[in-house]
Every structure is written in structure tokens, then in C-alpha cells.
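# Topology and contacts: notes
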Amino acid sequence: MSLERDQYCPVCDDERVFYRAASTMMHLGEKTKWRCPDCDYGFVTIGENVDSSASA
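Small disclaimer: the values here were computed from a predicted structure and weren't measured.

### Some points on the sheet that holds strand E5 (residues 50-51)
- With antiparallel pairing, the five strands of this open sheet are ordered in space as E1-E2-E3-E4-E5. Strand pairing shows two members of the sheet lacking a second neighbour, strand E1 (4-9) and E5, which therefore form its edges.
- Where E1 and strand E2 (residues 14-26) come together, six bridges link them in antiparallel fashion. Residue pairing in the sheet places Glu4 in a bridge with Tyr19 of E2.

### Digging into the packing of aromatic side chains
- In total, this model carries two aromatic pairs according to the counting rule given.
- Their ring planes at 65° and their centres at 5.3 Å tell us that Phe18 and Phe43 sit as a pair that is edge-to-face. Linking Phe18 in strand E2 with Phe43 in strand E4 (residues 42-46), this pair joins segments that are 25 residues apart in sequence. Across this residue pair, the class does not change: Phe18 and Phe43 are buried.
- Taken together, the ring pairs in this structure connect Phe18, Tyr41 and Phe43 into an aromatic cluster.
- If you follow Arg5 out to its NZ or CZ, it ends over the ring of Trp34, 5.8 Å from the centre.

About the cut-offs
- Residues numbered from 1 in each chain as written.
- Predicted model: local features only at pLDDT ≥ 70, side-chain atom pairs only at ≥ 80, totals over all residues.
- Heavy atoms only, no water.
- Pairing = 2+ DSSP bridges.
- Helix = DSSP H or I, 4+ residues; strand = E, 2+ residues; numbered from the N terminus.
- Phe/Tyr/Trp six-rings, centres within 6.5 Å; stacked < 30°, edge-to-face > 60°.
- Buried < 20%, exposed > 50% of the residue type's maximum accessible area, 1.4 Å probe, protein only.
- Lys NZ or Arg CZ within 6 Å of the ring centre and 35° of its normal.

Now the structure itself:
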């Protein structure tokens, strides 16, 4: 998995490069925490099916 990801940041209100802050394996897949280096906004993905950025 990549160490960075292009993603819309709702705090910065622009596309940003998010950096992988942490990851661990779970029974649902790999849980990954992503952070925006400009404002520290973060979200979590689990595998390819769960993405908490959609709830922000």
C-alpha cells in the first residue's frame, strides 16, 4: 500500500496529499489512518470497502 494518497480535505477545502499515519491488520482487512499535513484532519480506511472520509 502507498504511503500517500490524494484526497479532498474538507478543512482545507482543497485536494491535498494525505500521508499514512498508521496501519494494522484486522479481520475486515487493513485498517489505515490518513492525515492531512496542513491541518491535521484525519480519516480511516478499512480494506477497500470502509472509508470514514465519506462521513465528514
